Amino acid sequence: MAVSPLRCALLSSALVVAEACTSIAVGRAATVDDSTLVTQTDDCAECDSRIVHIPARDHAPGSMRPILPYAASFPREVSDRSPQYSESDGRPATEPLGYIPQVLHTFAYWETTNPIMNEHGVGFGETTTEARLSAFQPNTTNLFYTHEAMKVALERCRTARCALRTMGELVDRYGFYGDSPGSGESVSVIDSIEAWVFQVSVGAKGKSAAWAAQRVPDGHVAVVANGATIRHIDVHDEDNFMVGANLFSAALEEGLWDGKEAFDFARMMQPDTMEVVPRYTSMRMWRIYSRLAPSLDIQPHVDPLAMPFSVRVEVPVSHRTLMDMHRDHYEGTEFDMRNGALAGPFRDPNRLEGGRGQRAVRGEIPRAISIPRTSYAVVVQSRPKKLAAKLGSAGVAWYASDAPATSVFVPFYANSAWGHGEPNDYGRGSMFKFDRKCAWWAFDFVANWMELNYENMSQVVLPAMAKAQDGLDAAMARMEQQAAAMVAGGQREQALRLLSEWQTKAQQDVVDKWWQLADYLVARFNDGFDNQCIDAGGPPRNVDRGQPSCRVGVPIGYPAWWLEQVGYDFDIRPHYVKPAGLTPPASFAAVQAAQAPAGAPWANLLSSPVWLNNFWSGTGVRGQAALANPTGQATLPVGTWDSSHALALLAALLVTPAALATAFQMGVRHGQRERLPDFYYIQQ
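Residues numbered from 1 in each chain as written. Predicted model: local features only at pLDDT ≥ 70, side-chain atom pairs only at ≥ 80, totals over all residues. Heavy atoms only, no water.

*Asks:* Hey, could you run me through the state of the cysteines in this one?
*Replies:* In this structure the tally under the stated criterion is three disulfides. What pairs with C157 in a disulfide is C162, and their sulfur atoms sit 2.1 Å apart. Between C157 and C162, the disulfide has an S-S torsion of -65° and is therefore left-handed. For the pair C157 and C162, one class covers both residues: buried. When the cysteines engaged in disulfides are numbered in sequence order, the protein pairs them as 1-2, 3-4, 5-6. Looking at C21, it has no disulfide partner, and the nearest cysteine sulfur is the one in C47, 7.6 Å off. (Disulfide = S-S within 2.5 Å. Buried < 20%, exposed > 50% of the residue type's maximum accessible area, 1.4 Å probe, protein only.)

*Asks:* Help me out: how do you make sense of the side chain of N350 in this one?
*Replies:* Inspection of the secondary structure assignment puts N350 in the loop between α7 (319-325) and α8 (355-360). Look at N350 and you get buried, because its relative accessible area is 17%. Of note is the side chain of N350, whose polar atom sits 2.8 Å from the side chain of E451. (Helix = DSSP H or I, 4+ residues; strand = E, 2+ residues; numbered from the N terminus. Polar contact = N/O pair within 3.5 Å; in protein donor to acceptor, adjacent residues only side chain to side chain.)

*Asks:* Could you clarify how one ought to interpret the environment of A389 in this entry?
*Replies:* Within the fold, A389 resides in helix α9 (residues 385-391). By relative accessible area, A389 is classed as exposed at 53%. Separated by 95 residues in the primary sequence, A389 and A484 have C-alpha atoms spaced 8.8 Å apart.

*Asks:* Which parts of the structure should I look at to understand the sheet that holds strand β1 (residues 23-26)?
*Replies:* The strands that make up a sheet pair up through hydrogen bonds in the backbone, lying either parallel or antiparallel. Sheet architecture is open: seven strands sit in the order β16-β14-β1-β2-β17-β18-β19, paired in antiparallel fashion. The strands lining the two open edges of the sheet, one partner per strand, are β16 (311-312) and β19 (410-413). Relative to strand β14 (residues 220-224), β1 runs antiparallel, the two being bridged by four bridges. Bridge pairing in β14 places V26 opposite V221. (Pairing = 2+ DSSP bridges.)

*Asks:* So what exactly am I meant to see when it comes to the packing of aromatic side chains here?
*Replies:* The geometry of an aromatic ring pair is captured by two quantities: the separation of the ring centres and the angle between the planes. Enumeration according to the criterion identifies 26 aromatic pairs in this entry. Ring geometry for W440 against W441: centres 4.8 Å apart, planes inclined by 80°, an arrangement best described as edge-to-face. An identical accessibility class is assigned to W440 and W441; each is buried. Members of the aromatic cluster, connected to one another through ring pairs, are W110, Y376, Y399, F412, W418 and Y426. (Phe/Tyr/Trp six-rings, centres within 6.5 Å; stacked < 30°, edge-to-face > 60°.)

*Asks:* In this structure, what is going on with the nonpolar core? I would like to understand it.
*Replies:* A general feature of soluble globular proteins is that nonpolar side chains tend to end up buried together. By size, the foremost hydrophobic cluster in this structure holds 159 residues, and its most contacted members are F144, M167 and Y426. Filtering out sequence-adjacent residues up to four positions away, F144 remains in contact with I67, I100, A149, V152, L170, V171, Y174, G175, F176 and Y177. (Core = buried A, V, L, I, M, F, W, Y, C linked by side-chain atoms within 4.5 Å. Contact = heavy atoms within 4.5 Å.)

*Asks:* I would appreciate a short explanation of the sheet that holds strand β22 (residues 554-555) in the present structure.
*Replies:* With antiparallel pairing, three strands are arranged side by side in an open sheet as β20-β21-β22. Strands at the two margins of the open sheet, each flanked by one partner only, are β20 (525-526) and β22. Across two bridges, the pairing between strand β21 (residues 529-530) and β22 is antiparallel. For F529, the partnering residue across the bridge sits in β22 and is P555.

*Asks:* Whenever I open this one, the packing of helix α10 (residues 439-449) against helix α12 (residues 492-524) confuses me. Can you help?
*Replies:* How two helices pack is summed up by the angle between their axes together with the distance between the axes. Close contact between α10 and α12 brings their axes to 9 Å; oriented N to C, the two are set at 30°. Considering the angle they form, α10 stands roughly parallel to α12. When you trace α10 past α12, the crossing you get is left-handed. Seen from α10, the contacting residues are A439, W441, A442, F443, F445, V446 and W449; seen from α12, they are V510, V511, W514, W515, L517, A518, L521 and V522. Here the residues of the contact of α10 with α12 sort into 15 nonpolar, no polar and no charged. (Axes fitted to C-alpha atoms, helices over the stretch in contact; angles between N-to-C directions. Parallel < 35°, antiparallel > 145°, perpendicular 65-115°, else oblique. Left-handed = near helix turned anticlockwise from the far one by under 90°. Nonpolar A, V, L, I, M, F, W, Y, C, P; charged D, E, K, R; others polar.)

*Asks:* Please clarify how the pairing of strand β13 (residues 210-216) should be interpreted in this entry.
*Replies:* Along any regular strand the residues' side chains alternate between the sheet's two faces. The buried count for β13 comes to seven of seven residues, which makes it a mostly enclosed element. As paired strands, strand β12 (residues 195-201) and β13 are joined by seven bridges and run antiparallel to one another. Paired with F198 across the two strands is A213, which belongs to β13.

*Asks:* How should I be thinking about the pattern of salt bridges in this particular structure?
*Replies:* Pairing of side chains with opposite charge becomes possible as their charged atoms draw close. Taken as a whole and judged by the stated rule, the model has 34 salt bridges. Close ionic contact of D218 with R215 constitutes a salt bridge, the shortest N to O distance being 2.7 Å. Residue classification places D218 among the partly exposed residues on the basis of a relative accessible area of 26%. The class of R215 is buried, set by a relative accessible area of 16%. The salt bridge involving R524 is made with D535; its shortest N-O contact spans 3.3 Å. Separated by 11 residues along the polypeptide, R524 in helix α12 and D535 in helix α13 (residues 533-536) bring together distant segments of the chain. (Salt bridge = Lys/Arg side-chain N within 4 Å of Asp/Glu carboxyl O.)

*Asks:* For this particular structure, what's the right way to read unusual backbone geometry?
*Replies:* Negative phi values dominate among residues other than glycine, just as trans dominates among peptide bonds. Between F74 and the following residue, P75, the backbone shows a cis peptide bond with an omega angle of -15°. With an omega of 5°, the peptide bond running from Q137 to P138 counts as cis. Following the sequence through the fold, P138 ends up in the loop between β10 (123-130) and α2 (146-156). Unlike most non-glycine residues, Y330 shows phi in positive territory, near 65°. Turning to its location among the elements, Y330 is positioned in the loop between α7 and α8. With relative accessibility at 1%, the residue Y330 sits in the buried group.

Next comes the structure, spelled out in structure tokens:
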């Protein structure tokens, strides 16, 4: 089925509003220290990203647990679950949707918009998917969105399998709803031994739920990026699959399955993947898989269903590897978002989403893994049991506020709490009021100030980010040695207190340094100049001798390649330009050859950069080495698209807007997929 440009545009706008997240799950044999890892970016423009600690509690027999509705914006809830939730912004206590029986004891855990990790090292990563069957509040009596099911699982479970069964039983019995019309959910789950992917939608007639779960093989990585990935289910293989009680009956009743062909969860339970902005999902999957398993030569397919559920990792990964994955903008590839007209003169990889322009002009922008509206990113590490016992902590959640591309991941130990019982700046504030006591604002301010001149400021910010990350790793290693010695001496509680107090201070130190960095960037990059005297310690000396010790106003100006492509000349009237080809100006070669900033997250690829000349055909991409086609222009296979077809397409586009559909269908008949990159270079 063809990709509808109109549908793509409408769905792209809808996805901006939804939480369009990326999650990576890694089995223990694929990591450097036999930990399991799971990640998530919360790509939500209005989410309340405060980190909140939920303490362990004992409950009286016969108690009932309230089930709260899903809310993303501040305050996401007003309740007594944590002292931090007493901050109400003048709103009353959150009204529960209903109640379920409470257990006698619930475990402690850390949470933000979604729960992250409990004291036993069970951890989560979440991403919204599309679903054929859907229900959403307030138009349903179903009780559970995944965020509440995840919380109940963390309160009650010591293992990933327990968490899966708990979530599954809850949504089967009480019903599931999505965060928006037509949405399902995917939750990646880890413990110290296993990694799983759980995917769910509502059941038949808007009731109950339809879900399945698949285990990530020990040496594999599995990526979920707003699309279901579980395919064929072996119900007899209980080691690797779990299935909801109503999955098959719901598919039969709703006409999604005939009961005869092999059941395919992703193909049957979500809309046609070629109709739902396919590259929005498939590009992220391709990027991560191509970096972690380069020898597989996985191509950037259009259809997400052409991507595997998981791949075997070729070089063991660490928490730092996954941090850098989440900072990615396709650097070093043909899709490098630092390049092209929309990146501007200062090579900004961030893109504006939605708005009137994209509703009027059909097209598609590459969907990076780190995007400006990312509220937070988290890398959760569940450690092997022996190491956990030695340190007194089952794992650590690494949390980055705002977009991870320019943020620092700070540690939150699994069974720790706020040092001295008081939250630091990661547990305070909201995006509705600028606040220097809120961590999110520190990182958001730096990210937004960089939009003035990303190229120059990244030479400062990226090394600072890498230095801070290295410093945390080194300090953490020292603290864990002390904690291990205390545990060995029978002082486990004291060791946990040590880790709690250290992490709370270390987190705050990072925020304080980021505000200092923000102030530095404001002073150094101002009014289009580079104030190099900032690094020299103040005003220049020897100015009266004509030999100033430093320069205050070094002009940055526009780069030559940008001036070339916008038609800069001696005509001082406004110039207008139009899109042309994919070949940059000759002077851009020096930019591409420049060395990456120190600590750049793309500098440590597991393989050489991937450069492809892509021919989009069906659900795949055919390519050949760039050396064979040094112009960088897209190449077409002989016999599939000749000059007569190209001229007919051009004529259809020029005659009337109504002819666009005819032109597009002609391309489809010749096996083409519309290629709509945003990295055109402008020529006059």
